[in-house]
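Structural characterization, general
The lines below spell out each chain.
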Amino acid sequence: MIEGLILSYDGRIRKVPDVNGIVSTSIRDGKVALLVGGGSGHEPIYHGLVGENMADAAAIGNIFASPNPEIVYETAKAADRGMGVLFVYGNYAGDNMNFDIAAEMLEDDGISIKTVRINDDVATDEPEHRRGIAGLIFAVKIAGAACSEAFSLEDAFRVTKKAVENIRSMGVAVQAGTMLNTGEPTFVLGDNEIEIGMGLHGEPGVDRTELKSSDEIVTDMTERIISDLSLSSGDETALLINDLGSVTNMELLIASRKVSMILQEKGIKKIYSNIGKYSTTMDMKGFSISLFKLDPELKKYFFKMARCLAFDFCAGE
Amino acid sequence: MEFGIDECREMMLRVADGIIANADFLTEADKMGDADHGTGMQNGFTNLKKKISDREFDDLASLFTQCGNGIMMSAGGASGAIFGTFFKSGGSVLKDKKLLESEGFTAFLEEGLAGVMKRGGAKPGDKTMIDALHPAVLAAKENIDKPLPELIGIAYRAARKGSDATKDMVASSGRMKTLGERSKGHPDPGSITMYLILKYMSENN
């Protein structure tokens, strides 16, 4: 897979020797470096996020497993340009520990590290236990723009942390993704059942209920997100409806329609909207909704041009 | 009774073979999480074997540090970090020691537990491998006067009991923590690996 990536990027990235990591070939000296990473199986992340005004490097773990400290350490070293490295990844026990171990190793070597863990999933109550799901795309977009302009690691960290605190998401599935090593689904739903709040690795969700109409499900999820984010009339927001693996664009548009209508009813101004495969779980049949509350500073970074394997983003509102 | 460095190395190679042979069982046990525990441990312990097979070690600390590194740098995931930390922290109390006896083994378990609790932030009752390791530490301390082979067996049985008890706990760490009540009825996979490690250590003799 990594070889395919290197060839697809046409010289823009290279592999870090001896480990499963990739790094951009054009990081300028004196730049605050941005490292993302996590387990594979979530195409197109995280490796697909390396590029211009996006991540400088990605540490690649095996399917659904966090990368080990050596991968993170070597990849971060390859990206460092003397201004330290910002780690941005999803809030999962494995990632937290492995990235922390690597951060300690790097700090011992004199390389400054700051860490922002993405925890946008509202399906869990306590913020420190919330998982990172599709909202990570917004977070990395902001981190990438901030790191390209930041005058310090601390500055890039501040902006990225603020972004993460203003992103909330929730997922729903009618069919689990397949575990590659067993060929089995990660959980089994009855014909008439849906799973709400399931994890990105196919972990069973927090609630299993019977199938309802898309509008009913979307309304329920959107209300929870809006409430948790304290989004209110006059606020500006970006919306992402993310395909978790094998949903059609038609279905995503149906979901997007309902969210757009709810936002409109509440006087919340939607200034960006997108659908597509941004953070999948193999072939899971489900989608997630992400809302990002924007202030003037976050808007500036949000609309900065960005280019990576996963997408091209043109500048401007 | 004491084990020398070479005996400890042979013991760890047997532990590794035992864990590797249980990979499918551990995968199945992790089906409420993301089913990567078996593969992770298989990778980790295979790498452990590579790291210690054809090497000489000056003391027990360096043997166990390499065991920890082997797991940590290959297993990935939370388990890689935790079990890697267990061996590295535990091994740190055996610096300059060339013989393992009951006191040393007990200290190894105790420091391993401390390291794991610091790294992962979990505590007894959270439904993790700690719920196998903590009872093992307590049992070892209570039986520290027993000869080493017997002591390891006692520690294993305490760990086994602790792991079985995790079945009725609600997960508060790792992949299963968001399941709440739905995590009941399934023992924690990490706790299974923990007692298996002690089981294969006790089968050394």
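What counts as what
- Residues numbered from 1 in each chain as written.
- Chains lettered and ligands numbered in written order.
- Predicted model: local features only at pLDDT ≥ 70, side-chain atom pairs only at ≥ 80, totals over all residues.
- Heavy atoms only, no water.
- Helix = DSSP H or I, 4+ residues; strand = E, 2+ residues; numbered from the N terminus.
- Rg over C-alpha atoms; globule rule 2.2 N^0.38 Å.
- Pairing = 2+ DSSP bridges.
- Axes fitted to C-alpha atoms, helices over the stretch in contact; angles between N-to-C directions.
- Contact = heavy atoms within 4.5 Å.
- Expected span 1.5 Å × (residues − 1).
- Buried < 20%, exposed > 50% of the residue type's maximum accessible area, 1.4 Å probe, protein only.
- Parallel < 35°, antiparallel > 145°, perpendicular 65-115°, else oblique.
- Left-handed = near helix turned anticlockwise from the far one by under 90°.
- Nonpolar A, V, L, I, M, F, W, Y, C, P; charged D, E, K, R; others polar.
- Arc of directions from axis to C-beta.
- Disulfide = S-S within 2.5 Å.
- Polar contact = N/O pair within 3.5 Å; in protein donor to acceptor, adjacent residues only side chain to side chain.
- Core = buried A, V, L, I, M, F, W, Y, C linked by side-chain atoms within 4.5 Å.

What about the overall build of chain B?
Secondary structure summary: chain B contains nine helices and two strands in total. Mapped from its N terminus to its C terminus, chain B presents α and β elements in the order β-α-α-α-α-α-β-α-α-α-α. Against the 2.2 N^0.38 benchmark of 17 Å for 205 residues, chain B shows a C-alpha radius of gyration of 16 Å, consistent with a compact globule. Its C-alpha atoms give chain B principal-axis dimensions of about 45 × 35 × 30 Å.

Examining the sheet that holds strand S11 (residues 236-243) of chain A
Residue and element names in this part refer to chain A. Here six strands make up an open sheet; going across it, the order is S10-S9-S8-S13-S11-S12 and the pairing mixed. In this open sheet, the two edge strands, each paired with only one partner strand, are strand S10 (207-210) and strand S12 (269-276). Adjacent strand axes in the sheet meet at a mean angle of 20°, parallel and antiparallel pairs treated alike. Looking at chain direction, strand S8 (residues 167-175) and strand S13 (residues 285-294) are connected through eight bridges and run antiparallel. The residue of S13 that forms the bridge with glycine 171 is serine 288. In the packing of helix H4 (residues 136-149) onto the sheet, the strands contacted are S8, S11, S12 and S13, and the crossing angle to S11 comes to about 125°. Most of the contacts of helix H7 (residues 249-265) go to S11, to which it runs at about 155°, and overall it touches S11, S12 and S13.

Some thoughts on helix H5 (residues 77-92) of chain B
In this model, H5 of chain B (16 residues) spans 23 Å end to end at C-alpha, consistent with the 22 Å of a helix rising 1.5 Å per residue. Within H5 of chain B, 13 of the 16 residues are buried, leaving the element largely enclosed by the surrounding structure.

Describing the sheet that holds strand S15 (residues 312-313) of chain A
In any sheet, the strands associate via hydrogen bonds between backbone groups, in a parallel or an antiparallel arrangement. Residue and element names in this part refer to chain A. If you trace the three strands from one edge of the open sheet to the other, you get S4-S14-S15, paired in antiparallel fashion. The sheet terminates laterally at strand S4 (51-52) and S15, the two strands that pair on one side only. With two bridges joining them, strand S14 (residues 306-308) and S15 adopt antiparallel strand pairing. From the neighbouring strand, arginine 307 faces S15, where its bridge partner is aspartate 312.

So, the packing of helix H3 (residues 37-53) of chain B against helix H4 (residues 60-75) of chain B
All names here are of chain B. Contact geometry for H3 and H4: axes closest at 7 Å, N-to-C directions at 140°. Comparing their axes, H4 and H3 come out oblique. Considering the relative orientation of H3 and H4, their crossing is right-handed. Packed against H3, whose contacting residues are Gly40, Met41, Asn43, Gly44, Phe45, Asn47, Leu48, Lys51 and Ile52, the element H4 presents Leu63, Gln66, Cys67, Asn69, Gly70, Ile71, Ser74 and Ala75 at the interface. Residue classes in the contact of H3 with H4 are distributed as eight nonpolar, eight polar and one charged.

Concerning helix H6 (residues 214-229) of chain A
Since one α-helical turn is 3.6 residues long, residues separated by three or four positions face the same way. All names here are of chain A. In a regular helix each residue adds 1.5 Å, so 16 residues correspond to 22 Å; H6 covers 22 Å between its end C-alpha atoms and thus fits that length. Listing the buried residues of H6 in full gives Ile217, Val218, Met221, Thr222, Ile225, Ile226 and Leu229. Within H6, the buried residues cover an arc of 150° as seen down the axis, which keeps them to one side. Buried-residue contacts for H6 involve helix H5 (153-165), S8, strand S9 (193-196), H7 and S13. Immediately beyond the C-terminal end of H6, within one or two residues, lies serine 230, with a positive phi of roughly 55°.

Comments concerning the state of the cysteines
Applying the stated criterion to the full structure yields zero disulfides over all chains. In this structure cysteine 147 of chain A is not part of a disulfide, and its nearest cysteine sulfur, from cysteine 308 of chain A, lies 14 Å away. For cysteine 147 of chain A, a relative accessible area of 0% puts it in the buried group. The cysteine cysteine 67 of chain B is free of any disulfide, with cysteine 8 of chain B supplying the nearest cysteine sulfur at 9.4 Å.

Focus: the side chain of serine 66 of chain A
Along the chain, serine 66 of chain A falls in the loop between strand S5 (57-63) and helix H2 (69-79). With a relative accessible area of 5%, serine 66 of chain A lands in the buried category. In terms of polar contacts, serine 66 of chain A uses its side chain to reach the backbone carbonyl oxygen of glycine 94 of chain A, at 3.3 Å. There is a polar contact of 2.9 Å between the side chain of serine 66 of chain A and the side chain of asparagine 98 of chain A. Among all residues touching serine 66 of chain A, those that are not within four sequence positions of it are Gly39, Gly61, Gly94, Asp95 and Asn98 of chain A together with Gly76, Gly77 and Ala78 of chain B.

Side note on the nonpolar core
Judged by nonpolar contacts, the single largest core of 60 residues is most densely connected at Phe45, Phe87, Phe105, Leu109, Leu198 and Met201 of chain B. Every residue in contact with phenylalanine 87 of chain B, bar those within four places of it in the chain, is listed here: Met12, Phe45, Phe64, Cys67, Gly68, Ile71, Phe108, Ile197 and Met201 of chain B. Counting 53 residues, the second largest nonpolar core, distinct from the first, contains Val116, Leu136, Ile137 and Ala163 of chain A.

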